[in-house]
Amino acid sequence: NIFPSTMLTTRRTDEADAARAGTNDALCALLVAKASAYTSPVVPSPQSTLPRTIEVACRCRPLLPDEIAAVGTTITGGITHVPEFSNCTVLDPELHIHSEKRRIGVPDPTGKLETKKFRLHAAFGPDCEEETIYSRLVAPLVAVAKGGGRAACIAYGQTGSGKTYSMARMQERAAEDLGALFSPDRPLETTVSFFELRGETCFDLLAERKELSIREDASGAIVIGGLSRSTVGSVAELKSNMDKGSQLRRTAATTGNAQSSRSHAFCDIKHGEGVLRFVDLAGSERKSDSVNHDLERINEMKEINSSLGNLKECIRLLLVNSSTKKQQHIPYRRSKLTRLLQNELSGAGADTDVRTAFLVHISPLRSSLLHTQNTLTYAEAMIATARAEKEKTAFRGTDAWGPKKVSGWVRQLDGGRYADIADCFHLSGKMLGAAWINDIVRRTEAAGGTEADANAIYDAFHKKKLELKKKGSVAAIRRKPPAEGFGGTDQVIPALQDLVVEEKEQPTKNS
């Protein structure tokens with residue numbers, strides 16, 4: 001024994017690991033049982049009757065056979081002992097993501113669950129039937145396309161989360177729904193095109209991967225130069241073209257999937273003016289997933305993640321703009337992907353109905369926790385941002401009136417009694433609400449009115465301001481229950497039921 005102290009330390013460490021192994025197995029089994037039995041009450045999302053042009057939903061795929069076998073085992077990485085278990089509980093429209101609770105400085109789990117909740121427009125669990133997903137998300141899109149509008153279903157998520165499988169099933173089901181379009185009595189032809197976007201280049205998947213050019217026409221719309229369109233006359237022909245395009249997509253092995261799609265695929269079905277588009281986005285990867293990638297695959301991963309990040313930002317800003325009057329710039333030109341999706345996302349320059357379903361996908365395993373949380377955090381942020389902007393402007397009332405609105409209101413007040421002096425009130429509602437009564441009198445008298453007229457208009461305006469504020473508060477409390485399919489824009493205001501709306505006193509005329 002030349003190094004007795006070193007050998008003794010190693011021996012004690014081995015004994016400690018051996019003694020801890022049984023404890024870890026028990027804790028792992030406890031976490032698996034707790035995650036399986038987890039439940040929580042869910043409050044339905046209040047919705048308005050206004051249509052929502054973008055739907056954000058999530059699908060958690062079922063466990064695969066090899067993943068089922070891995071549940072209950074312990075994954076060791078560094079000094080941390082991580083139990084593997086199914087960590088997603090779906091309670092529509094919420095997803096509850098579980099992880100093991102730990103103590104600082106202690107590598108072993110405590111046997112308790114730590115849960116983070118995410119709330120979207122809709123959530124579909126591993127046991128959810130594909131017909132349910134189709135009816136909720138895709139069927140409304142098919143109806144829009146049949147009516148001459150534009151509709152798109154976009155699948156996003158980490159590699160190996162089931163995007164391509166879901167899109168293939170949704171495409172097949174949509175093809176069956178479109179069967180009525182192939183009637184001999186209908187004069188309009190139905191065409192299908194299928195292409196993929198790799199980096200900055202497009203390839204035609206129905207013409208032996210011919211390289212295509214991306215151009216912009218005189219109206220600013222994106223055009224794919226040289227893209228072939230196959231005319232189909234039956235459901236079987238439509239499905240055959242879909243299968244052909246899917247088989248020619250670029251794939252590569254990743255950490256989570258041996259045959260991961262490494263390109264963005266676009267399947268367009270056009271009937272007259274109506275367009276139904278299915279977009280299967282390439283799977284996102286984290287830096288830790290690229291340890292075995294060569295330089296080409298690393299550059300490919302960077303391009304994919306960059307385009308996906310810009311797409312999420314565009315959708316977030318679109319949701320914000322749909323909820324507020326102040327419009328923000330949408331950075332479509334940052335990537336070819338968002339330029340290709342611009343018509344479907346914004347409907348700019350189109351008189352047709354436009355609807356988009358954004359379906360994110362997650363894996364149900366604890367080992368995919370970081371991917372899952374990243375995906376759901378951004379998906380939830382898309383909705384939360386629009387929700388916050390809606391709340392911020394919900395009670396503006398007369399403050400949102402412009403000069404034209406104010407003068408028009410004065411003109412029709414009291415049966416048009418003040419129509420002759422209405423033009424002197426060409427100022428915003430916010431300015432009128434903050435004005436002193438003496439300023440209103442001088443303004444009114446300069447236009448040929450009297451002090452009595454000024455007092456009457458002043459009092460009527462502030463009464464209207466309080467009425468609108470009270471009406472807006474009551475409307476926020478009395479929300480309608482959620483409807484199936486595309487509902488209204490989320491306007492969730494926590495604990496509004498407990499609010500007591502109190503009328504403020506009218507401002508005094510000398511204030």
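Residues numbered from 1 in each chain as written. Predicted model: local features only at pLDDT ≥ 70, side-chain atom pairs only at ≥ 80, totals over all residues. Heavy atoms only, no water.

Caption draft 1: Spatial organisation of the pattern of salt bridges. The full count for this structure, using the stated rule, is 17 salt bridges. Two residues, E100 and R366, come together in a salt bridge whose shortest N-O distance is 2.8 Å. Pair noted here: E100 is in strand β5 (residues 94-100) and R366 is in the loop between β18 (354-362) and α9 (369-393), with a separation of 266 residues, a long-range link. Looking at E100, the relative accessible area reads 6%, which means it is buried. One salt-bridge network, held together by shared partners, links E131, R173 and D177. (Salt bridge = Lys/Arg side-chain N within 4 Å of Asp/Glu carboxyl O. Helix = DSSP H or I, 4+ residues; strand = E, 2+ residues; numbered from the N terminus. Buried < 20%, exposed > 50% of the residue type's maximum accessible area, 1.4 Å probe, protein only.)

Caption draft 2: Molecular detail of the sheet that holds β5. Spatially, β4-β5-β6 is the arrangement adopted by the three strands of the open sheet, whose pairing is antiparallel. Of all strands in the sheet, those bounded by a partner on one side alone are β4 (88-91) and β6 (113-119). Taking the axes of each pair of neighbouring strands and ignoring which way they run, one obtains an average angle of 20 degrees across the sheet. Pairing analysis gives four bridges linking β4 to β5, with the strands arranged antiparallel. (Pairing = 2+ DSSP bridges. Axes fitted to C-alpha atoms, helices over the stretch in contact; angles between N-to-C directions.)

Caption draft 3: Layout of the packing of aromatic side chains. All chains considered together, the criterion is met by five aromatic pairs. Between the aromatic rings of F195 and F266, the centroid separation amounts to 4.9 Å while the plane-to-plane angle is 0 degrees, which identifies the pairing as stacked. One end of the pair, F195, is in strand β9 (residues 190-198); the other, F266, is in strand β16 (residues 264-271), and 71 residues separate them in sequence. Residue classification places F195 among the buried residues on the basis of a relative accessible area of 0%. The exposure class of F266 is buried, given its relative accessible area of 0%. For the ring pair W401 and W409, a centre distance of 6.0 Å and an interplane angle of 55 degrees mean the geometry is tilted. You can call W401 buried: its relative accessible area is 11%. Counting every residue linked through ring pairs, the aromatic cluster contains W401, W409 and F461. The cationic tip of R169 hangs over the ring face of Y165; the distance from NZ or CZ to the ring centre is 4.7 Å. Its guanidinium or amino end placed over the ring of F203, R209 lies 5.1 Å from that ring's centre, counting from NZ or CZ. (Phe/Tyr/Trp six-rings, centres within 6.5 Å; stacked < 30°, edge-to-face > 60°. Lys NZ or Arg CZ within 6 Å of the ring centre and 35° of its normal.)

Caption draft 4: Inspection of unusual backbone geometry at higher detail. With an omega of 5 degrees, the peptide bond running from D92 to P93 counts as cis. Structurally, P93 is set in the loop between β4 and β5. Its identity is not glycine, yet E208 carries a phi of approximately 55 degrees, on the positive side. Here E208 lies in the loop between β10 (201-204) and β11 (210-216). According to the relative accessible area criterion, E208 is exposed, its value standing at 63%. With a phi close to 60 degrees, R209 is a non-glycine residue in the positive phi region.

Caption draft 5: Layout of the packing of helix α4 (residues 163-177) against helix α5 (residues 235-247). Following both chains from N to C, one finds α4 and α5 inclined at 160 degrees, their axes separated by 9 Å at the closest point. When the axes of α4 and α5 are compared, the pair comes out roughly antiparallel. Read as a crossing pair, α4 and α5 show a hand that is right-handed. Touching Q171, E172, A175 and E176 of α4 are V235, L238, K239 and M242, all from α5. (Parallel < 35°, antiparallel > 145°, perpendicular 65-115°, else oblique. Left-handed = near helix turned anticlockwise from the far one by under 90°. Contact = heavy atoms within 4.5 Å.)

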